[in-house]
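In case you want the letters, here they are:
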Amino acid sequence: MRRVTLPPASPPPAPWRVVVPLPVPALDYVPPHGRGGAVPVGCRVLVPWRGELAVALVVGEGDPHGAHRLREAVHVLDDEEEPWVPPATVEAVCTWARDARLPAGLVWGDLLGAGWTARYDHRVRAVPGADLSAFGRRAPTGEWASARDFSPALLDAVREQGLLEEDFRPTSRTRGLVRARPLDAVPAAARTTTVLQADPEAPGTLTPKGRQAWAWLAEQGPQPTLSAWARGAGVGTGVVSGVVSAGGAEHVEVEAAPPAAWTWLSEHGPVESLSAWANGATADGVPLSPTGAGSLVARGWADAVQEAAPPPPLPEPGAPWLTHDPDRLPEAAAWRLHGGRSLSRFRTLAPRISRLLAQGRGVLVLAPDHATLRRAWEGLSGLAETAGTRAVPISGALSDGQREHAWNLIRSEEARLVIGSYLALTASLPDPALIVVLEEASDAYKLAAGSHAFIPDVAARVAQAHDAALALVGSAPAAESVPLPGAVLPPPRARVHVVDYANPPEQPELGPLSGVHLTPGDLGYPVSHDLARLLRQVQERGRQAALLAPRRGYSALLRCPTCEHTPQCRNCDVALRFHQETRQLTCHQCGYRESVPDRCDVCGEQMWKARGPGTEWIAQTVEKLAPGLPVYRYDRDRQDDLAPLHAGESGVVVGTQLLLSQDAPPNLALIGVTLADTWLNLSDFRASERYHRLLRQLAEWHPERAPLLVVQTFQADHPALKVLVEGRDALAYPAAEERVRAALGYPPHARLAQVEVAARDPVRAKVAAQEVFDALHGAGAHAHEVLGPAPSPVARLRGVYPYHLLLRARDDARLSQLLATLDRSWKARVRVDVNPRGGL
DNA sequence: AGCACGCCGACT
DNA sequence: GTCGGCGTGCTC
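Residues numbered from 1 in each chain as written. Chains lettered and ligands numbered in written order. Predicted model: local features only at pLDDT ≥ 70, side-chain atom pairs only at ≥ 80, totals over all residues. Heavy atoms only, no water.

**Some remarks on the overall build of chain A**
Okay, so step 1: Per the secondary structure count, chain A includes 22 helices and 34 strands.
Okay, so step 2: Scaling as 2.2 N^0.38, a compact globule of 840 residues should have a C-alpha radius of gyration of about 28 Å, and chain A matches this with 31 Å.
Okay, so step 3: A principal-axis box enclosing the C-alpha atoms of chain A has dimensions of 105 × 75 × 60 Å.
Okay, so step 4: A buried classification covers 52% of the 840 residues belonging to chain A.
Okay, so step 5: Of the contacts formed within chain A by residues at least 6 apart in sequence, a portion of 72% connects residues at least 24 apart.
Okay, so step 6: Just so you have it, chain A exposes about 37600 Å², and 52% of that area is on carbon and sulfur atoms.
Okay, so step 7: Chain A carries 86 positive and 92 negative side-chain charges, and their two centres are separated by 3 Å. (Helix = DSSP H or I, 4+ residues; strand = E, 2+ residues; numbered from the N terminus. Rg over C-alpha atoms; globule rule 2.2 N^0.38 Å. Buried < 20%, exposed > 50% of the residue type's maximum accessible area, 1.4 Å probe, protein only. Contact = heavy atoms within 4.5 Å. Areas by Shrake-Rupley, 256 points an atom, 1.4 Å probe, with all protein chains shown as cover. Lys, Arg positive; Asp, Glu negative; His and termini not counted. Charge placed at Lys NZ, Arg CZ, Asp CG, Glu CD.)

Listed below in structure tokens is the structure:
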């Protein structure tokens with residue numbers, strides 16, 4: 001192809017460093033042609049990416065003399081004066097990503113809550129005087145035309161030569177419908193792609209497998225990629241590339257079959273939004289990402305009906321309220337507020353938030369889950385109107401369009417109170433004065449996939465970067481928050497009754513533990529006689545009860561009564577959970593399921609014994625103990641409609657912790673924790689703190705009343721339980737826990753990171769883990785700074801054998817120093833999880 | 001992530 | 001020689 005010499009640019013502008021929402025590091029692009037000036041940090045840009053255009057975020061200046069031949073960014077989407085993300089936030093998040101040794105794209109893909117799906121009208125033409133006929137008949141001419149009329153790959157080739165002029169106009173997001181275009185209205189360009197096509201004659205030099213692959217391709221028709229062909233033909237990629245080099249197949253431009261997602265949309269009719277399309281199609285087994293949906297619209301496979309739609313409505317804020325309470329909260333850079341009930345905490349917080357909003361500053365409130373977010377919205381959003389601004393929510397519950405609309409309200413300073421999930425953390429709040437993290441100890445802040453970010457850590461960095469205060473507010477503080485200055489509200493009235501499975505009170509006639517081994521059955525198991533009696537009282541008085549089971553399903557495992565064999569997952573080293581309703585055994589780690597075997601694999605016994613009651617088991621027991629009392633279930637497997645309970649009807653709901661995401665039933669008189677010990681048996685140093693917080697949250701679940709809290713346990717003396725029984729405040733237990741952590745050198749007296757070394761081969765994993773250990777020591781790590789390596793608690797997980805090392809450093813800087821040692825290649829997959837939670 | 005490439009061991 | 005599995009590197 002012809003090379004075109006561009007006029008010499010002088011001096012060469014500094015490249016821009018940008019991130020795309022993929023697990024790759026930040027990459028450099030040259031600024032768009034003719035654009036000088038400062039680097040637009042925090043603005044979104046369109047960049048060429050794998051032959052198409054992708055939305056990227058500018059995070060800084062690139063390497064001025066990088067070795068790479070850089071491509072040009074194509075278009076800047078946001079005004080430099082009003083960046084999509086505040087530059088200080090960009091800096092804070094990028095620093096956090098660097099410290100955590102994570103590719104910046106992975107982190108931004110998780111943390112940028114809106115804006116990846118930009119919508120624009122894209123027009124192109126040939127640079128005046130350029131002749132693009134070398135690119136084929138369907139190349140742009142000197143006349144402006146919609147980019148849809150050309151194939152993305154062709155446009156990219158022209159763009160790379162510097163022969164394309166492009167014009168972008170933002171199109172307003174519509175509330176209307178996304179509709180599949182009739183096939184004859186789809187631009188011709190969209191219907192052509194480059195594919196691998198079999199030559200009519202197979203070359204004589206093909207190997208047997210090569211011949212098989214050629215025959216498959218000749219019969220099945222062209223394939224989009226080498227891998228797709230290899231997968232389909234059932235051969236390795238080596239074979240198919242062999243066929244190509246032997247001349248048995250070649251890349252050709254052909255009419256493309258309509259994408260599966262287009263077929264889906266044609267069949268299912270118009271949908272509300274791009275994300276509705278993506279979700280619907282994916283749910284039906286047709287993979288489609290929101291970005292993929294956007295790209296199909298851009299290429300002309302579907303239309304987003306353009307109506308001058310008003311911005312999508314956001315939830316109504318609460319009624320305006322004015323507080324006359326004095327502000328008793330600390331003025332420190334970071335402080336805490338715990339105890340009381342959520343309403344009293346919001347009342348205490350209100351004077352501070354009102355004052356800051358009235359000063360024209362911004363306030364961001366983060367919640368870990370839907371339930372907390374809803375309560376915060378109800379409790380705090382009304383403050384905005386009184387202070388002359390607006391409140392907006394940002395969370396996954398909003399559609400893309402609503403989130404983007406809310407984001408723009410924040411960006412334009414129309415809304416200065418933001419209440420949201422972690423997706424709100426990077427919102428462009430000008431001049432934030434306070435970031436409130438609600439329930440800072442919640443595990444829901446730990447992102448389950450991708451970056452594994454722990455949001456309060458990132459929030460602290462963002463607050464610091466903006467010189468804003470960080471407030472940690474919740475039912476009970478994390479041990480990490482204890483050293484901060486703060487306030488503790490008096491605990492709500494709590495009535496606690498402990499059923500002590502280890503020490504049944506009566507039966508003195510047997511003598512002091514005279515060789516009698518009491519089984520839990522003596523007290524009633526899994527529902528104690530006490531709890532059963534209380535449930536019958538609830539029934540007689542027409543009240544309501546909630547029982548918390550430690551797990552979903554029927555039982556933790558099945559065991560053969562003859563040989564003690566327990567069915568295990570075939571991918572993981574754990575027992576399969578028994579689900580009676582579906583008569584299936586399920587792995588709660590990887591989702592593997594099988595039906596219950598008729599007989600024991602080992603000895604042939606035909607009976608199974610269930611151990612470790614779950615929600616199904618508890619629900620059945622309650623039905624037996626209190627016949628006629630309506631029983632509802634609420635866990636990940638089954639979410640019964642709780643409307644009758646919320647309408648005040650009598651009944652009992654059996655669930656897992658998921659229950660706390662719902663409002664408490666209004667007539668709730670009894671809460672039972674059927675086996676508290678499960679929360680303590682986890683091999684995690686935060687287990688008891690989590691247990692304590694669960695009890696506190698149960699105690700304040702009902703907004704006004706204090707239902708009787710019955711705790712069945714083998715550890716009735718556990719201090720996390722005792723502080724509630726004794727009516728002590730929310731700080732008492734975490735403060736004791738914090739002293740224990742000091743003695744052991746755990747957070748907040750150290751910063752932890754878990755290094756996971758995993759491979760399909762257990763020996764390889766073990767050896768690599770040892771190499772990581774040696775490398776850390778070689779780099780000067782002290783003995784107390786590196787623990788392990790040890791096989792993961794679940795020795796085999798999804799088919800790989802993970803080994804764990806725990807790094808324990810005095811502060812972030814030292815941790816970052818230790819992690820720098822890992823920046824090289826290893827003989828196994830090495831992943832870092834900074835501030836890990838659970839499974840330690 | 002998704003893709004292509006290349007090394008290596010197994011097998012003929 | 002042939003084949004496939006698996007690890008590695010790349011996307012600007």
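Still more ground to cover, so stick around.
**Description of the pattern of salt bridges**
Okay, so step 1: The full count for this structure, using the stated rule, is 42 salt bridges.
Okay, so step 2: Salt bridges linked by common partners bring Asp99, Asp457, Arg461, Arg751 and Asp812 together as one network. (Salt bridge = Lys/Arg side-chain N within 4 Å of Asp/Glu carboxyl O.)

**Quick notes on the sheet that holds strand E17 (residues 432-438)**
Okay, so step 1: Pairing within the open sheet is parallel, and its seven strands lie in the order E15-E16-E14-E17-E18-E13-E19. Sheet topology places strand E15 (390-394) and strand E19 (486-489) at the edges, where each strand pairs with a single neighbour. Ignoring strand direction, the axes of neighbouring strands in this sheet form an average angle of 15 degrees.
Okay, so step 2: The pairing of E15 with strand E16 (residues 415-420) spans five bridges and is parallel. Looking at E16, one finds that isoleucine 394 is bridged to glycine 420. (Pairing = 2+ DSSP bridges. Axes fitted to C-alpha atoms, helices over the stretch in contact; angles between N-to-C directions.)

**So, the protein's contact with DNA strand C**
Okay, so step 1: Taken together, 18 residues sit near DNA strand C, with Tyr29, His68, Arg71, Thr207 and Lys209 positioned nearest.
Okay, so step 2: Here the atoms of DNA strand C within 4 Å of the protein split so that 73% fall in sugar or phosphate, with bases taking the remainder.
Okay, so step 3: At 3.0 Å from a sugar or linking oxygen of DNA strand C is found a main-chain nitrogen or oxygen belonging to arginine 71.
Okay, so step 4: Of all elements in the fold, only strand E2 (27-29), strand E3 (44-49) and helix H4 (208-220) reach the threshold of two or more residues within the surface near DNA strand C.
Okay, so step 5: In terms of residue count, E2 provides more of the surface near DNA strand C than any other element does, three residues in total. (Near = heavy atom within 4 Å. Polar contact = N/O pair within 3.5 Å; in protein donor to acceptor, adjacent residues only side chain to side chain.)

**Section: the protein's contact with DNA strand B**
Okay, so step 1: In the vicinity of DNA strand B, the contacting residues are Pro23, Val24, Arg50, Thr225, Leu226 and Ser227.
Okay, so step 2: In the model, a phosphate oxygen of DNA strand B is placed 2.3 Å from a nitrogen or oxygen of the serine 227 side chain.
Okay, so step 3: Class assignment of the residues belonging to the surface near DNA strand B gives a composition of three nonpolar, two polar and one charged. (Nonpolar A, V, L, I, M, F, W, Y, C, P; charged D, E, K, R; others polar.)

**Quick look at the UniProt feature "binding site: Zn(2+) 1" (unreviewed entry) in chain A**
Okay, so step 1: Within the UniProt annotation, "binding site: Zn(2+) 1" (unreviewed entry) is assigned to Cys560, Cys563, Cys600 and Cys603. Sequence-wise these annotated residues cover 44 residues; spatially they are packed, their C-alpha atoms never more than 8.7 Å apart.
Okay, so step 2: With respect to the element layout, cysteine 560 can be found in the loop between strand E22 (555-559) and strand E23 (577-579).
Okay, so step 3: Beyond its immediate stretch of four places on either side in the chain, cysteine 560 contacts His565, Cys600, Cys603, Glu605, Met607 and Trp608.
Okay, so step 4: Inspection of the secondary structure assignment puts cysteine 600 in the loop between strand E25 (593-595) and strand E26 (609-613).
Okay, so step 5: With residues up to four places along the chain from it excluded, the contact list for cysteine 600 reads Cys560, Cys563, His565, Glu605 and Trp608. (UniProt positions renumbered as here; feature names shortened; annotations may be inferred.)

**Quick look at the packing of aromatic side chains**
Okay, so step 1: Tallied over the entire structure, the rule returns six aromatic pairs.
Okay, so step 2: Considering the side-chain rings of phenylalanine 685 and tyrosine 746, the 4.5 Å spacing of their centres and the 15 degrees angle between planes classify their relative orientation as stacked. Highlighted residues: phenylalanine 685 in the loop between strand E29 (668-673) and helix H18 (687-699) and tyrosine 746 in the loop between helix H20 (732-744) and strand E31 (751-759), separated in sequence by 61 residues. With respect to burial, phenylalanine 685 and tyrosine 746 carry one shared label: buried.
Okay, so step 3: When the ring centre of tryptophan 84 is taken as origin, the NZ or CZ atom of arginine 44, which lies over that ring, is 3.8 Å away.
Okay, so step 4: The lysine or arginine in question, arginine 808, covers the ring of tyrosine 746, its NZ or CZ lying 5.8 Å from the ring centre. (Phe/Tyr/Trp six-rings, centres within 6.5 Å; stacked < 30°, edge-to-face > 60°. Lys NZ or Arg CZ within 6 Å of the ring centre and 35° of its normal.)

**Examining the state of the cysteines**
Okay, so step 1: Per the counting criterion, the structure on display carries zero disulfides.
Okay, so step 2: You can see cysteine 94 has no disulfide; the closest cysteine sulfur is in cysteine 43, sitting 14 Å from it.
Okay, so step 3: Cysteine cysteine 603 is unpaired, with the sulfur of cysteine 560 as its nearest cysteine sulfur at 3.6 Å.
Okay, so step 4: By relative accessible area, which is 38% here, cysteine 603 ends up partly exposed. (Disulfide = S-S within 2.5 Å.)

**So, unusual backbone geometry**
Okay, so step 1: The omega torsion across proline 747 and proline 748 is 5 degrees, close enough to zero to call that bond cis.
Okay, so step 2: The residue proline 748 is located in the loop between H20 and E31 in this model.
Okay, so step 3: Its identity as a non-glycine residue notwithstanding, glutamate 439 has a phi of 50 degrees, on the positive side.
Okay, so step 4: In this structure, glutamate 439 sits in the loop between E17 and helix H14 (455-466).
Okay, so step 5: Of note in this structure, asparagine 835 is not a glycine but carries a positive phi near 55 degrees.
Okay, so step 6: What makes asparagine 835 buried here is its relative accessible area of 5%.

**With respect to a negative patch on the surface**
Okay, so step 1: Side chains of Asp79, Glu81, Glu82 and Glu413 sit close together on the surface and give a patch of like negative charge.
Okay, so step 2: Within the secondary structure, aspartate 79 sits in the loop between strand E5 (75-76) and helix H1 (87-99). (Patch = residues over 30% accessible without salt bridge, like charges linked within 9 Å, V, L, I, M, F, W, Y side chains within 5 Å.)

**Quick word on the nonpolar core**
Okay, so step 1: Counting residues in hydrophobic clusters, the biggest one holds 113 residues, and the most contacted among them are Trp108 and Leu366.
Okay, so step 2: Sorting elements by how many residues they give to this core places helix H21 (residues 762-778) first, with seven residues.
Okay, so step 3: Residues within four places of tryptophan 108 in sequence aside, it is in contact with Val19, Leu57, Val59, Val85, Thr89, Val90, Val93, Cys94, Trp116 and Thr426.
Okay, so step 4: In this structure, Tyr632, Ala676, Leu698 and Leu724 belong to the second largest nonpolar core, which totals 30 residues. (Core = buried A, V, L, I, M, F, W, Y, C linked by side-chain atoms within 4.5 Å.)

**Here's the deal with the confidence of the model for chain A**
Okay, so step 1: Of the residues in chain A, 92% have a pLDDT of 70 or more, and the chain-wide mean is 86.
Okay, so step 2: Residue range residues 507-521 is modelled with pLDDT below 50. Its contacts to residues more than four positions away, or to other chains, number seven contacts. (pLDDT = per-residue confidence, 0-100.)

**Quick word on the environment of glutamate 439**
Okay, so step 1: For glutamate 439, a relative accessible area of 8% translates into the label buried.
Okay, so step 2: In this view, glutamate 439 contacts Arg345, Pro368, Thr372, Tyr445, Val473, Gly474, Ser475, Arg693 and Gln697; residues no more than four positions away in its chain are not counted.
Okay, so step 3: Separated by 3.3 Å, the side chains of glutamate 439 and glutamine 697 make a polar contact.

**Considering the environment of glutamate 700**
Okay, so step 1: Relative to the helices and strands, glutamate 700 resides in the loop between H18 and strand E30 (708-713).
Okay, so step 2: Separated by 206 residues in the primary sequence, glutamate 700 and alanine 494 have C-alpha atoms spaced 8.3 Å apart.
Okay, so step 3: Setting aside anything within four residues of it in sequence, one finds glutamate 700 in contact with Gly340, Arg341, Ser342, Arg345, Ser475 and Pro492.

**Looking at the sheet that holds E31**
Okay, so step 1: Across the sheet, four strands lie side by side as E32-E33-E31-E34; this open sheet has antiparallel pairing. Lying at the two open borders of the sheet, with one neighbouring strand each, are strand E32 (786-791) and strand E34 (829-834). Here the average twist between neighbouring strands, direction ignored, is 20 degrees.
Okay, so step 2: Across nine bridges, E31 lies against strand E33 (residues 801-809) in antiparallel orientation. The partner of alanine 753 across the bridge, within E33, is leucine 807.
Okay, so step 3: Helix-sheet contacts for H21 involve E31, E32, E33 and E34, and the interaxial angle to E33 is about 15 degrees.

**Brief notes about the packing of helix H5 (residues 226-233) against helix H6 (residues 237-245)**
Okay, so step 1: H6 packs onto H5 with a crossing angle of 115 degrees between their chain directions and a minimal axis gap of 8 Å. Considering the angle they form, H5 stands roughly perpendicular to H6. Note on packing geometry: the crossing formed by H5 with H6 is right-handed. Every residue of H6 that contacts H5 at Leu226, Ser227, Trp229 and Ala230 is listed here: Thr237, Val240, Ser241, Val243 and Val244.
Okay, so step 2: Its residues assigned to classes, the contact of H5 with H6 shows six nonpolar, three polar and no charged. (Parallel < 35°, antiparallel > 145°, perpendicular 65-115°, else oblique. Left-handed = near helix turned anticlockwise from the far one by under 90°.)

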